[in-house]
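Chain and residue survey
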Amino acid sequence: MPDRNDLSEVPRPVAAGVARPGAGAPAPSGGIGAGQPAVEFRDIDIAYGKFVAVRDFSLSIAKGSFVTLLGPSGCGKTTILRSIAGLVDISGGQIMIDGRRVDDVPIYKRNIGLVFQSYALFPHKNVFDNVAFGLKYRNVPKPEIVRKVGQALEMVRLPGSEKKLPSQLSGGQQQRIALARAIVFEPQVLLLDEPLSALDANMREEMRVEIKKIQKETGITAIFVTHDQEEALSMSDRIVVMNAGAVEQIGTPQEVYETPATAFVADFLGKANMLAGTVSRSGQAMAVVLATGQTVEVACPRPLAQGSKVTVVLRPQKLSVGAAASANRLSGRVVSASYLGGSAIYEIDIGGKTSIRANAPITGRVLREGETIDVGFDPEGCVLLDEDGQRIS
Amino acid sequence: MRRRWTLYDPRLAWLLVAPVLLLLIFFLVLPIAVMAAYTFFTFVTAGVETSALTTANWHEFLTDSYYAGFLLKTLRVGAITALLCGVLGYFPAYFIWATTFKHKWLLLLLLIVPFWISFTIRTFSWINILGEQGVINVALLKLGIISEPLPMLYNEGAVILGMLHFLLPYMILNVYVSLEGIDRTLISAARSMGCTSAQAFREVTLPLSLPGLAAGLLLCFVLAAGSYVTPQLLGSGRDALFGNLIYDTIMGELNWPMGATLSIVLFLVLGFFAAIYTRFMGMSQIVKGLGG
């Protein structure tokens, strides 16, 4: 896997490709997306003393879209989010909101809605005063405030809770109030900092749908930070995968999942199988000798020289097992099997101290530990990485 | 049938608190009860009293405006001291909380350092600062700014100053602890919704630190109104507080029944304020402040 220094040079072309407004992104609702991006980062650096949290970060976010910053903790995603709000100072580059440079605009003059992981509701104020807070500081007349707060509470499905204190609400309800509070004054951008992490699993799923629905209804531009790939894949128009302060890949959920640009992305999103090998036959249908000894055929976007080292990236869902395994058939032994109802996940030992994971639909019975199993994949169903862990395209 | 003892046996709990309970009963409840009984004894002459029950002491206290005046003055001085502590103590507490200085513990340690020197000696030190031969007067005289020493000692101001000196750490610690309990993302949230720093302080930090401030005020008020050493050393006869009155009645006039009556009065009045505070704030805040 490439280290951090290598990466600092990599993101440039990636970011530039994405900087074209709307490229690859679904049409934003409301049709106002054309032209100016809602938020634009130009070569942002953020450092705390000597520690560089973010380097050379460039990204342009179309109006009305839902963009997720995804990465492990400490990758700089929250730092970037906070820099938009003005809670963190950037040490280089520019941040533009609706075409206006905001680096020197103090926090309270940036028109931004923030939702925190810890909810951050004011414990000494009731729901009404919490939600009305942003409106009060925008000099909205009182009757208008009452109307808008009512509407916002309606939107998060907690109407009539105005008089309650945050401590009287459940975690999910508190987060919904926090969401209402962040959108009620119609901010230019909505920032969500791991808003689901403090909730339990059931509530998380429900809130996921709710947040997405509200974002669509209001047409607000949303930037979402998470380390949870499922959240990222299910909610986003586009995902920015980050690692160690730099961008690894930017794309739609499908692009990022199916064609990971780097070894890091392949591993972080969905724990892909990664098999090292050497090109033994060049050409359209290229052959690769795996480190485990088997030879497989893979489709390569461009011809590679014989002897090149490559890594074959295989999603567990792209593997077929048993009789269904037609092409690139490898035989192995089941190490473990987990029954998931519709499908089963097999951990298969294919020799050479290598095991691969397959997630296959169940036909017949679920195999048990120790049984022999065939596993195969389509030559088109994999992604190839070069020696530096970059996708070959 | 006898039950076997277990580690979390409730009987064991009683055994563990027994020493403290006994201490409290013998050294707190009983003495106060004895004092309360004394208030109904008859004063004969200096040092002599009989156990013939009478309400004369209470009658004297309630009818002689001399006592009421003393009590009001004590409460006034206590309130002024507590308020000054609040105003002067909030800023250092806020500073210690807000600073990005790496060694915060050092600042907190500085608050504790005064306690390493005897309270009486600390009070005496003001005589060397404020007295006619004190640092300030001597310096000003030498510089020719004044021609005769300023009367800075033995007045109410000196008494309040002495008590401030003694009580400020209590206030600062109380406020600091309640500030430390504030979730800082609340301030970020307020700022992101359009508050300047000052407005965020007014909306979030100040109201959420009020319990600590209130605890500090109560503590300072009770300690100031019950003080005896500071007015004795830094005040003149006119600046004596209720504590000094009790001392005089018992040690000077040797009138134990009246002294007991006055003690119980002070006990009840200060207890009343503590009760009001507990009713609205709860005692936990003070405990937190003392432990912080």
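Since this is a predicted model, take the numbers as computed values, not measurements.

Here is what the cut-offs are and how they apply
- Residues numbered from 1 in each chain as written.
- Chains lettered and ligands numbered in written order.
- Predicted model: local features only at pLDDT ≥ 70, side-chain atom pairs only at ≥ 80, totals over all residues.
- Helix = DSSP H or I, 4+ residues; strand = E, 2+ residues; numbered from the N terminus.
- Buried ≥ 20, exposed ≤ 12 C-beta atoms within 10 Å, placed from the backbone.
- Contact = placed C-beta atoms within 7 Å.
- Rg over C-alpha atoms; globule rule 2.2 N^0.38 Å.
- pLDDT = per-residue confidence, 0-100.
- Expected span 1.5 Å × (residues − 1).
- Arc of directions from axis to C-beta.
- Nonpolar A, V, L, I, M, F, W, Y, C, P; charged D, E, K, R; others polar.
- Domains from an automatic or database assignment.
- Core = buried A, V, L, I, M, F, W, Y, C linked by C-beta atoms within 7 Å.
- Axes fitted to C-alpha atoms, helices over the stretch in contact; angles between N-to-C directions.
- Parallel < 35°, antiparallel > 145°, perpendicular 65-115°, else oblique.
- Left-handed = near helix turned anticlockwise from the far one by under 90°.
- Pairing = 2+ DSSP bridges.

1. Some thoughts on the overall build of chain A
The secondary structure content of chain A amounts to 10 helices and 20 strands. Taken along the three principal axes of its C-alpha coordinates, chain A extends 75 × 45 × 40 Å. Burial analysis of chain A (393 residues in total) assigns 45% to the buried set. In chain A, the proportion of contacts linking residues at least 24 apart, taken out of those at least 6 apart, comes to 67%.

2. Quick word on the overall build of chain B
A count of helices and strands for chain B gives 13 helices and two strands. Against the compact-globule benchmark of 19 Å for 292 residues, chain B has a radius of gyration of 24 Å, which places it well outside the compact range. Across the 292 residues that make up chain B, the buried fraction comes to 32%. Relative to all contacts within chain B whose residues are 6 or more apart in sequence, the contacts with residues 24 or more apart total 73%.

3. Considering the confidence of the model for chain A
In this model, chain A carries a mean pLDDT of 85, and residues with pLDDT of at least 70 account for 91%. Counted against residues more than four places away or in other chains, residues 1-33 of chain A, with its pLDDT under 50, gives 61 contacts.

4. A word on helix α5 (residues 142-155) of chain A
All names here are of chain A. For α5, spanning 14 residues, the distance from its first C-alpha to its last is 20 Å, which sits close to the expected 20 Å at 1.5 Å a residue. For α5, the complete set of buried residues consists of I145, V149, A152 and L153. Down the axis of α5, the smallest arc covering the buried residues is 95 degrees, so these residues share one side. Exposed side chains of α5 directed beyond 90 degrees from the buried face belong to P143, E144, R147 and E154. Residues of α5 that are buried make contact with α4 (127-136) and α6 (171-183). Following α5 by one or two positions, R157 has its phi on the positive side, about 60 degrees.

5. Considerations on the interface of chain A and chain B
Between chain A and chain B, the residue contacts involve 15 residues of the former and 14 residues of the latter. When contributions to the side of chain A that touches chain B are tallied by element, the ones reaching two or more residues are β6 (112-115) and α4 of chain A. Residue composition of the side of chain A that touches chain B, grouped by class: 11 nonpolar, three polar and one charged.

6. Focus: the environment of H165 of chain B
Residues and elements named next belong to chain B. As for its placement among the helices and strands, H165 is situated in helix α7 (residues 156-180). Residue class for H165 comes out partly exposed when judged on the 17 C-beta atoms lying within 10 Å of it. In the structure, H165 is positioned 154 residues away from R11 in sequence and 46 Å away in space, judged by C-alpha atoms.

7. Notes on the domain arrangement of chain A
By domain assignment, chain A separates into domain 1 (4-111 + 188-267) and domain 2 (271-385). The interface of domain 1 of chain A with domain 2 of chain A comprises five residues on the first partner and seven residues on the second.

8. What to know about the nonpolar core
As a rule of thumb, soluble globular proteins bury nonpolar side chains together. Membership of the largest hydrophobic core comes to 124 residues, with the highest contact counts inside it found for V131, L191, I223, V240 and V312 of chain A. Here this core gets six residues from one element, more than from any other, and that element is α6 of chain A. In terms of domain composition, this core takes at least three residues from each of domain 1 (4-111 + 188-267) and domain 2 (271-385) of chain A. With near-sequence residues (within four places) excluded, V131 of chain A lies in contact with V149, A152, L153, I177, A180, R181 and V184 of chain A. Core analysis: the second largest hydrophobic core is formed by 46 residues, V77, I96, L153 and L164 of chain B among them.

9. Side note on the packing of helix α3 (residues 65-98) of chain B against helix α9 (residues 197-225) of chain B
All names here are of chain B. Running from amino to carboxyl end, α3 crosses α9 at an angle of 140 degrees, the nearest separation of the two axes being 8 Å. One finds that α3 runs oblique with respect to α9. Crossing of α3 against α9: the hand is right-handed. Taken together, the residues of α9 that come into contact with α3 (itself represented by T74, L75, V77, G78, A79, T81, A82, C85, G86, G89 and Y90) are L213, G216, L217, C220, F221, A224 and A225.

10. Some words on the confidence of the model for chain B
Averaged over all residues, the pLDDT of chain B is 90; the fraction at 70 or higher stands at 95%. Looking at the elements of chain B, mean pLDDT is at its lowest for helix α13 (residues 284-291) of chain B, recorded as 60, and at its highest for α3 of chain B, recorded as 94.

11. Notes on the sheet that holds strand β5 (residues 100-101) of chain A
Residues and elements named next belong to chain A. If you trace the four strands from one edge of the open sheet to the other, you get β2-β1-β4-β5, paired in antiparallel fashion. Because the sheet does not close on itself, it has two edges, and the strands there are β2 (51-61) and β5. The pairing of strand β4 (residues 92-97) with β5 spans two bridges and is classified as antiparallel. Residue I97 lies in a different strand from β5, and its bridge partner there is R100.

12. Quick notes on the sheet that holds strand β14 (residues 309-314) of chain A
All names here are of chain A. With respect to topology, five strands assemble into an open sheet ordered β13-β12-β11-β14-β20, the strand pairing being antiparallel. Two strands lie at the open edges of the sheet, namely β13 (295-299) and β20 (382-385), each paired on one side alone. Mean inter-strand twist for the sheet, computed between neighbouring axes without regard to direction, equals 45 degrees. Pairing of strand β12 (residues 285-290) with β13 involves five bridges; the strand directions are antiparallel. Paired with V288 across the two strands is V296, which belongs to β13.

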